[in-house]
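This is what each chain is made of:
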Amino acid sequence: MSPTPSSSLNAIVPKENKDDNANIMTSASATVVTAPSTGTVATSGEGSATTIETGTWTKVEKRKKKKMAKAEAKNDPRFMYSNHEIARRSNAIGVEEIRDLVLHLVADAPNPNWLRVENGSSIQKVVVLMVPGLTNQLLSLPPIPTSATTNPNLPLSIPLHSPAKTGTAAAIPFVATTFSHACPTRAPGDQYRMHSVLSTFFSCPMSAEEKKRRINQRLKSDKSKTDPTQYLLTLEQMIENDYPVPSYMADVFQKPEGWVETPQPLNEPPAGISGVKRKIYAIDCEMCITEDGKELTRISIIDFHTNNVVYDQLVKPSKPIVDYLTRFSGITEQHLASVTTTLAEVQTKVLSLLSPATPVLTPNPFSMKPSNSSPSSPPPPPPTPILMGHSLESDLRALKLCHPYCIDTALMYHHPRGRPLKPGLAWLTKRWCGREIQTRGEGGHDPEEDARACFGFAEEKVGGRSRIWARFKTDQESIFERFGRASPGNAVQDPEEGLTALADTLGWITPRGTQDTPVSTSPAAPQPPASPTDDQLQSTLASLNSNLSKIHASLPPRTAFVLFTGHSDPRRMTQLNSRKAQFDNALRAGRSPEEIATGENGLRWTAADGRALEEAVELARRGLVFLGVKM
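Residues numbered from 1 in each chain as written. Predicted model: local features only at pLDDT ≥ 70, side-chain atom pairs only at ≥ 80, totals over all residues. Heavy atoms only, no water.

Where do I start with the state of the cysteines in this structure?
By definition, a disulfide is the covalent link that joins the sulfur atoms of two cysteine residues. With the rule as written, the count across this model stands at 0 disulfides. Cysteine 402 takes part in no disulfide bond, and the closest cysteine sulfur, belonging to cysteine 406, lies 9.6 Å away. A relative accessible area of 0% means that cysteine 402 is categorised as buried. (Disulfide = S-S within 2.5 Å. Buried < 20%, exposed > 50% of the residue type's maximum accessible area, 1.4 Å probe, protein only.)

What is the right way to read the packing of aromatic side chains from this model?
What describes a pair of aromatic rings is the distance from one ring centre to the other and the angle between the planes of the rings. The final tally for this structure, using the stated rule, is 10 aromatic pairs. A ring pair is formed by phenylalanine 174 and phenylalanine 179, whose centres lie 6.1 Å apart and whose planes are at 85°; its orientation type is edge-to-face. The class for phenylalanine 174 is buried, based on a relative accessible area of 5%. Relative to phenylalanine 202, the ring of phenylalanine 201 lies with its centre 5.7 Å away and its plane at 75°, an arrangement referred to as edge-to-face. For phenylalanine 202, a relative accessible area of 28% corresponds to the partly exposed category. Three or more aromatic residues joined by ring pairs make a cluster, and in this case those are Phe201, Phe202, Phe480, Phe483 and Phe564. Lying across the ring of tyrosine 192, lysine 580 places its NZ or CZ 5.3 Å from the centre. (Phe/Tyr/Trp six-rings, centres within 6.5 Å; stacked < 30°, edge-to-face > 60°. Lys NZ or Arg CZ within 6 Å of the ring centre and 35° of its normal.)

What is the right way to read helix 3 (residues 95-106) from this model?
The end-to-end C-alpha distance of helix 3 is 17 Å, a good match for the 16 Å that 12 residues give at a rise of 1.5 Å each. Among the residues of helix 3, those classed as buried are Val95, Glu97, Ile98, Arg99, Leu101, Val102, Leu103 and Leu105. (Helix = DSSP H or I, 4+ residues; strand = E, 2+ residues; numbered from the N terminus. Expected span 1.5 Å × (residues − 1).)

How should I be thinking about the environment of isoleucine 123 in this particular structure?
Among the secondary structure elements, isoleucine 123 is positioned in the loop between strand 9 (115-118) and strand 10 (125-130). You can call isoleucine 123 buried: its relative accessible area is 12%. C-alpha separation for the pair isoleucine 123 and aspartate 76, spaced 47 residues apart in sequence, amounts to 8.4 Å. With residues up to four places along the chain from it excluded, the contact list for isoleucine 123 reads Pro77, Phe79, Leu105, Arg558 and Ala560. (Contact = heavy atoms within 4.5 Å.)

Hey, could you run me through unusual backbone geometry in this one?
Working note: non-glycine residues mostly have negative phi, and peptide bonds are mostly trans. Positive phi outside glycine occurs at asparagine 119, with the angle close to 55°. Mapping asparagine 119 onto the fold places it in the loop between strand 9 and strand 10. With relative accessibility at 27%, the residue asparagine 119 sits in the partly exposed group. At serine 391, a position not held by glycine, the phi torsion is positive, near 55°. Looking at where serine 391 falls in the secondary structure, it is placed in the loop between strand 19 (386-389) and helix 11 (392-399).

Just distances and angles here, no functional claims.
The structure is reproduced here in structure tokens:
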């Protein structure tokens with residue numbers, strides 16, 4: 001039985017299976033069971049037995065069993081909002097606090113003060129979904145209070161679902177039938193912008209014990225890691241990062257037609273053993289899009305130890321080219337006009353580098369040593385070289401090649417926000433090598449330049465400055481790392497698709513600018529799409545309801561189900577921020593506000609615009625969280 005809600009403790013009561021026991025009524029002294037139409041039922045005062053007129057006796061549930069069932073129900077996990085603690089807060093529940101709740105359920109974080117978790121140890125699994133686009137208006141919830149006498153942070157009761165209701169809330173009954181309350185949340189950000197919700201959720205503070213352990217580990221490893229081979233990927237890392245693994249290492253990758261693999265190394269010491277010098281080749285590939293998808297158009301290989309270009313070749317794809325991807329690859333139609341080299345020829349050349357022939361010893365005619373009558377044993381073959389690259393699995397797939405020894409600079413260095421994100425090649429080069437690459441704009445990338453950048457990272461890593469590498473946000477770690485330490489068997493899977501379709505239909509998702517395709521900040525830039533029609537919105541909500549219902553139905557009992565929206569409509573905030581950024585850029589260029597206002601775009605930025613931006617940011621940062629336990 002759920003505790004009675006009070007002013008300070010708000011129970012989250014499941015809304016499913018309400019009629020499961022509609023045919024049973026209980027009292028302190030008897031149990032009355034609805035009988036079939038064939039006879040009547042007589043019960044004793046203690047409910048010990050049931051008699052039917054036909055003379056057949058049937059036992060019924062005894063009081064002891066009822067007590068046992070009640071005792072089991074008391075052990076069921078449940079969430080209860082602490083209204084007293086929430087009312088004392090100046091802001092709504094933050095996304096980082098939702099993250100900490102998940103860490104409390106799965107890992108080792110303390111219990112949050114805004115929520116009481118009863119029988120948390122009984123929770124078997126935790127599922128977290130972010131569904132942007134669900135707003136108070138769509139769910140027919142009361143708006144966030146703006147009155148000074150009403151606290152806007154307290155949980156909102158969700159009206160019961162009724163089939164007779166119409167509107168957007170009726171199109172997504174999953175929310176009303178699964179959750180009892182929606183609690184307001186606040187996305188990360190500052191006065192003028194909203195920060196990434198997902199980055200905040202996926203990154204968490206590192207405990208003092210873990211920080212100390214990592215510092216000690218780094219000090220020990222820095223003394224020994226003076227050889228790039230120490231950063232060879234393990235088999236587990238190759239599988240985790242979707243590398244094409246050779247068949248003799250593990251039977252996890254089925255090579256399609258046209259694929260090759262480096263011959264299995266025989267009679268050689270394992271990679272990473274000190275004293276064995278292996279060749280290391282930095283590699284980078286460029287691709288284009290053909291009728292069969294992405295295909296190789298250029299490959300560059302550089303020797304790590306000599307800094308010499310070993311192989312640099314343009315490649316003719318097997319199928320007609322649809323898009324040269326010049327802004328990325330630097331390849332144009334003129335470059336490939338006279339090229340006849342095929343992928344198979346490139347594979348043969350690369351394999352000759354990765355499986356060098358055994359050297360043949362010729363006798364020295366000037367040697368004074370007597371020659372043996374019996375032929376000496378042939379020398380061992382050179383050790384299998386190592387391939388190095390940035391997100392090397394992409395280059396290997398372009399080459400259709402499986403190789404056992406790989407160093408990935410995208411995994412050697414960490415992204416500032418932690419895993420699963422990987423740092424970019426250009427960012428790493430500028431951050432740790434002090435130079436810029438990939439600055440040709442529409443001219444695309446130079447694979448030789450990218451390959452040299454890769455072993456520049458490796459030299460930086462094992463060189464004199466290795467002790468300071470990647471020291472940003474050292475007090476943060478990925479929640480996946482935290483999960484892994486708490487429960488090594490945990491697995492993280494992507495849910496079914498369609499959870500962001502609502503935000504897309506509402507026009508909330510805008511393209512993010514990149515170095516190659518920046519988003520225009522001009523006032524004349526295209527406006528956001530118009531509001532969807534009722535039919536479009538109803539269709540999207542029905543599809544979302546179906547996806548959520550399928551996910552929820554597939555979960556085992558005692559699974560904590562956390563659904564949060566992250567934020568509200570960001571379009572007004574995005575528009576004002578774009579205009580402010582253009583105005584600030586013009587000021588930094590030395591133009592006065594009067595010159596900017598009288599310019600081609602007539603751009604202005606006033607104090608009223610600043611206040612409007614602050615208000616838009618606060619509105620965009622609002623969200624909702626729904627908590628429940630599937631029983």
